[in-house]
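Below are the chains, spelled out letter by letter.
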Amino acid sequence: MSAAAVPVLDARVGLTVGALAVDATLRADPGEVLALVGPNGAGKTTVLRAIAGLAGLAHGHVRLDGAVVADPAAGVHAPPQARRVGVVFQDRRLFPALDARDNVAFGLQARGRSRADARAEAERWLSRFGLGARADARPHELSGGEAQAVALARALAVEPRLLLLDEPFSALDVQRRSEARAALLAQLADFDGAVVLVTHDPLDALVLAERIVILEGGRVTQEGATVEVVARPRSRYAADLVGVNLLVGARIDAHRAAVEGTGAVLTVAEPLPADDVVLTCRAQAVALFAERPVGSPRNVWAATVGAVEGDRDRVRVRLDGPVPVTAEVTPAAVAELGLRPGAPVWAAIKAAELAATPR
Amino acid sequence: MRELAAAFEDEHPDLRVRLDVGASSTLREQVLAGAPAEVVALADEADMDRLAEADAVGPVHRIATNELVLAVPTGNPGDVRGAADMARPELLVGLCAPEAPCGRLARAHLAEVGVTPSVDTEATDVGALLARLAAAELDVGIVYRSDLRRAAVVGIDLPGSPAVPHPIAVLRDARDPDLAEAFVALVRSPRGQAVLAEHGFGPP
Amino acid sequence: MSRPSRARAGSHAPLPLWALAVVGVCFLALPLVALLQRAPWRGLGDHLREPVVTEALRLSLVTATGATVLCLLVGVPLAWVLARSSLPGLPLLRALVTLPMVLPPVVGGAALLYALGRRGLVGGPLHDATGLLLPYSAWGVVVANAFVALPFVVLSVEAGLRTVGTDHEEAAATLGADGWLVLRRVTLPAVVPSVATGAVLAWARALGEFGASVTFAGNLEGRTRTMPLAIYLELQSGRETAIVLSLVLVAVSLLVLVPLRDRWLPG
């Protein structure tokens, strides 16, 4: 085991909120951005709250820079004030009675700085984020993006070791999101602690994070370097994350597997590596036809359109039937083939497009 | 009065006597405002005179007399001997409010004997005064002799205090004047007088 | 920021609703009109100068304000405990807070006497040790009035605390603020409207208090004879001053309450 720097965050979060039992292990090193992704209700916010000290653990531990801040077995629970964890909440929670400057200065004053000192430092932070002119504005006068930046400045001003961002872009539309992502990268350029970014938008994770942890139903279903997870998604959510179709299959013979649940037989170009496999193929590799196609594709079946969603560049068509996959097509194709929920359609995947990995 | 009312009900089985109890001044105001009563019995003649002036009542009869006494809590914590003690500032002194006959008469008597009381509270009615005395939240007060048995207080005589006449009369607006007269007659009868004497009232 | 205009639903409300509302207004306004009709307008100036009026008014205003201060001092922390703490038995505490509203004021006053009077449970030892005596003094009036007015402050502030929620308090905690700082700069500023409403209601209640005050503190002009008590006594004597006093009380109340109306009806 190589001598690694002490991780900023080393946590095993175990607690139950309502009907959801969360048990997740997280680790983040200095300078690292970790994306915590998962479907709504997976427990991501719960994990954040536990790390910040806003919720108590039932079991597990939280260590920050090696020091234990929470350990129910040992009766330790440091309150949020005692942890150097900064939080930017999903609803930002700027203090409504204070202007932007005083909001940012709040934490500094809480930690003992004089009022004048704190306000001066707050102004420096706001200028750094390009909001110098908005220092006197009240939270309700700020735009969404401005409020976001103020909330971030407020959290960073007290120099936390760990920064938790809870769905920082959820209130923004698609256009603003990409601008906001770029802005966030710039704002975090000088931050030397670790960042945990909670999001349900896969693009946030892919653009901003070096590592991803996928949380589903309170448990971690996959984690690793972003590139790794993208290349080898192991759960349906992970696959959706990266636009990949994922099916579980059982080997019938060297090149054929039966899809779990439906029994449909798929032919794979490479020999199957194990008896239980995970079959993946890109959404773009699923071709759609109005009539049964002739020619080389080995995997052909009749399907029904389940759902159609997307934007002006790409449309994702969810298919119901013996092989439940998502096909990615152009808007023109949608019109040509009459793709509406419930409409029949023929689908085909080349054997070479299907990859199999052992489960 | 309750005993007398019960006695009256015994004699007239199909009747109920309703008693409205209060300070004489309150009752006077109620009668003047037209309260639905048949008979009114007050603790002093001045209030009754006001009613007579307003022609609200018929002939007035005197049913009993009373006298003022000092009242102190059991054990006499303030070591009160006589009226002069009411001037002691360290004692908690209570009197009825000047509007009430008991308050008016008490002040008159104190003025007569040359005592300026250091009053701490003026009770709106005798009952409130008695309650405070019984709880020893007051050291001394002036009440009627007939009030002494209403609470756990001890009486000390006030020599020279006036006899207080208690009048009764039938209201002019009584719905059933005959019954009202019958009640007054009962009160004035030897039987009624005996009951009053039992309760500490003097003869009329 | 301009206030958003509100579509007035009133113009479309059914007729019976209007009719009942009118009955409500009459119910409230009629006694007031009757008072005005009986008022001795010609001798008003002289009546107003009578010591019984000025003394009672002064005493009422001072004790009502004092009671309100006491209620705020004690009630706001109590409201905080009810809204934010997780002590066992909170429902019981909440019921206790509502007790003064349920008890007849005279009973409250008597209970206070047994507790804080010269021979009271706490008042007795206190008097023996320090010579302090609450009844028969203006302080006694303040205490009695505070007793009946406290629920208004507690309930109002507790509701306010529940409404604003703990979100901002959590944010402040993550920024390193300790309990006091959070309270001072985040929680209390957020509930200022509730505190103000509670204070106004408590003040109005204290101003009108009669039963508890007379039973506990007694009745003496200048020291413990507040407006309601003075009115009662004047009524007993059938004097016109009673009406003058009543009108003064109504006028003072309106003077204070009307400008503060907006706080109760936001928007």
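Predicted model only: the values in this text are computed from it and were never measured.

*Asks:* Can you walk me through the sheet that holds strand E19 (residues 326–329) of chain A in this structure?
*Replies:* The strands that make up a sheet pair up through hydrogen bonds in the backbone, lying either parallel or antiparallel. All names here are of chain A. Here 5 strands make up an open sheet; going across it, the order is E16-E20-E17-E18-E19 and the pairing antiparallel. For this open sheet the edge positions go to strand E16 (287–289) and E19, each flanked by a neighbour on one side alone. Adjacent strand axes in the sheet meet at a mean angle of 45 degrees, parallel and antiparallel pairs treated alike. Note that strand E18 (residues 315–320) and E19 share 4 bridges and pair antiparallel. Residue pairing across strands places Arg318 opposite Thr326, the latter belonging to E19.

*Asks:* Explain unusual backbone geometry here, please?
*Replies:* Glycine aside, residues mostly have negative phi, and peptide bonds are mostly found in the trans state. Residue and element names in this part refer to chain A. At Arg92, a position not held by glycine, the phi torsion is positive, near 65 degrees. Considering the arrangement of structural elements, one finds Arg92 in the loop between strand E7 (85–88) and helix H2 (100–110). According to the C-beta neighbour criterion, Arg92 is buried, with 21 such atoms within 10 Å.

*Asks:* Please clarify how the interface of chain C and chain A should be interpreted in this entry.
*Replies:* One frequently used descriptor of interface size is the decrease in accessible area upon assembly of the parts. Contacts between the two partners involve 13 residues from chain C and, on the opposite side, 19 residues from chain A. Listing elements by their share of the side of chain C that touches chain A, those giving two or more residues are helix H8 (167–174) and helix H9 (179–190) of chain C. For the side of chain C that touches chain A, the leading source of residues is H8(C), giving 6 residues. A per-class count over the side of chain C that touches chain A returns 7 nonpolar, 3 polar and 3 charged.

*Asks:* When you look at the sheet that holds strand E13 (residues 256–259) of chain A in this model, what are you seeing that I'm missing?
*Replies:* All names here are of chain A. The 5 strands are arranged E14-E13-E12-E15-E21 in an open sheet whose pairing can be described as antiparallel. Each end of this open sheet is capped by a strand with a single partner; those strands are strand E14 (265–267) and strand E21 (355–358). Averaged over all pairs of adjacent strands, the angle between their axes in this sheet comes to 45 degrees, without regard to strand direction. The pairing of strand E12 (residues 244–253) with strand E15 (residues 276–282) spans 7 bridges and is classified as antiparallel. Looking across to E15, one finds that Ala250 is bridged to Asp276.

*Asks:* What exactly am I supposed to notice about the interface of chain B and chain C here?
*Replies:* Taken together, the contacts link 17 residues of chain B with 16 residues of chain C. For the side of chain B that touches chain C, the elements supplying multiple residues, two or more each, are helix H2 (24–32) and strand E4 (119–123) of chain B. Looking at which element gives the most residues to the side of chain B that touches chain C, the answer is E4(B), with 5 residues. When the residues that make up the side of chain B that touches chain C are grouped by side-chain class, the tally is 8 nonpolar, 4 polar and 5 charged.

*Asks:* Would you mind showing me how to read the packing of helix H1 (residues 15–38) of chain C against helix H13 (residues 241–257) of chain C here?
*Replies:* To describe two helices that pack against each other, one gives the angle between their axes and the distance between the axes. Residues and elements named next belong to chain C. Across the interface, H1 lies against H13 with an axial gap of 10 Å and an inter-helix angle of 130 degrees. On the basis of the axis angle, H1 is oblique to H13. The hand of the H1/H13 crossing is left-handed. Every residue of H13 that contacts H1 at Leu32, Leu35 and Arg38 is listed here: Ile243, Ser246, Leu247 and Val250. Of the residues assigned to the contact of H1 with H13, the class counts are 5 nonpolar, 1 polar and 1 charged.

*Asks:* I tried to follow the packing of helix H7 (residues 138–164) of chain C against helix H10 (residues 192–207) of chain C on my own but got confused; where do I start?
*Replies:* All names here are of chain C. Close contact between H7 and H10 brings their axes to 8 Å; oriented N to C, the two are set at 160 degrees. Comparing the axis directions of H7 and H10 gives the class roughly antiparallel. Once H7 is placed against H10, the crossing between them reads as right-handed. Contacts from Asn145, Val148, Ala149, Phe152, Val153, Ser156, Val157, Ala159 and Gly160 of H7 reach H10 at Pro193, Ser194, Val195, Thr197, Gly198, Ala199, Leu201, Ala202, Arg205 and Ala206. Considering only residue class, the contact of H7 with H10 consists of 12 nonpolar, 6 polar and 1 charged.

*Asks:* Explain the nonpolar core to me, please; I cannot follow it from the model alone.
*Replies:* Taken as a class, soluble globular proteins show a tendency for nonpolar side chains to be buried jointly. Of all hydrophobic cores here, the largest spans 112 residues; its most connected members are A:Leu34, A:Ile51, A:Val196 and A:Leu197. Those residues in contact with A:Ile51 that sit more than four places away from it in its chain are A:Leu9, A:Ala11, A:Val13, A:Val62, A:Val85 and A:Leu164.

*Asks:* Teacher, can you tell me more about the arrangement of the chains here?
*Replies:* Contacts between protein chains span 2 pairs of chains, and they are most numerous for chains B and C. Across the gap from chain A to chain B, with no contact made, the nearest C-alpha atoms are 50 Å apart.

*Asks:* Would you mind going over the confidence of the model for chain C with me for this structure?
*Replies:* Detailed reading of the predicted coordinates is not advisable wherever pLDDT is low. Model confidence for chain C is summarised by a mean pLDDT of 88, while 93% of its residues fall at 70 or above. Prediction confidence for the complex, expressed as pTM and ipTM, is 0.77 and 0.75 respectively.

*Asks:* Even after reading the chapter, I still don't get helix H3 (residues 51–84) of chain C, so can you show me in this structure?
*Replies:* Owing to its 3.6 residues per turn, the α-helix aligns residues three or four sequence positions apart on the same side. For H3(C), spanning 34 residues, the distance from its first C-alpha to its last is 48 Å, which sits close to the expected 50 Å at 1.5 Å a residue. Its axis deflected by about 30 degrees at C:Gly75, H3(C) carries its strongest bend there, up to four residues before the proline C:Pro77.

*Asks:* Looking at this structure, how should I read the pairing of E18(A)?
*Replies:* If a strand is regular, its side chains alternate between the two faces of the sheet. All names here are of chain A. Where strand E17 (residues 299–310) meets E18, 6 bridges bridge the pair, whose relative direction is antiparallel. Following the sheet pairing, Gly310 is matched in E18 by Val315. Joining the antiparallel neighbours E18 and E19 is a turn of 5 residues, in which Gly321 adopts a positive phi near 140 degrees.

*Asks:* Help me understand helix H5 (residues 105–116) of chain C, please; the structure alone is not making it clear to me.
*Replies:* Residue and element names in this part refer to chain C. Its 12 residues give H5 an end-to-end C-alpha distance of 16 Å, which sits within 8% of 16 Å, the value for a rise of 1.5 Å per residue. Looking at H5, one finds that the buried residues are Pro105, Gly108, Gly109, Ala110, Leu112, Leu113 and Leu116. Packing partners of the buried residues in H5 comprise helix H4 (90–102), helix H6 (123–130), H7 and helix H11 (211–216).

*Asks:* Sorry if this is basic, but what is going on with the pairing of strand E2 (residues 57–73) of chain B here?
*Replies:* Residue and element names in this part refer to chain B. The pairing of E2 with strand E7 (residues 163–171) spans 8 bridges and is antiparallel. Residue Arg62 lies in a different strand from E7, and its bridge partner there is Pro167. Bridge analysis of E2 against strand E6 (residues 153–157) gives 5 bridges, and the strand direction is antiparallel. Its bridge partner lying in E6, Pro73 is registered against Val153.

About the criteria used
Residues numbered from 1 in each chain as written. Chains lettered and ligands numbered in written order. Predicted model: local features only at pLDDT ≥ 70, side-chain atom pairs only at ≥ 80, totals over all residues. Pairing = 2+ DSSP bridges. Helix = DSSP H or I, 4+ residues; strand = E, 2+ residues; numbered from the N terminus. Axes fitted to C-alpha atoms, helices over the stretch in contact; angles between N-to-C directions. Buried ≥ 20, exposed ≤ 12 C-beta atoms within 10 Å, placed from the backbone. Contact = placed C-beta atoms within 7 Å. Nonpolar A, V, L, I, M, F, W, Y, C, P; charged D, E, K, R; others polar. Parallel < 35°, antiparallel > 145°, perpendicular 65-115°, else oblique. Left-handed = near helix turned anticlockwise from the far one by under 90°. Core = buried A, V, L, I, M, F, W, Y, C linked by C-beta atoms within 7 Å. pLDDT = per-residue confidence, 0-100. Expected span 1.5 Å × (residues − 1). Bend = angle between axes of the 7 residues up to and from the residue.

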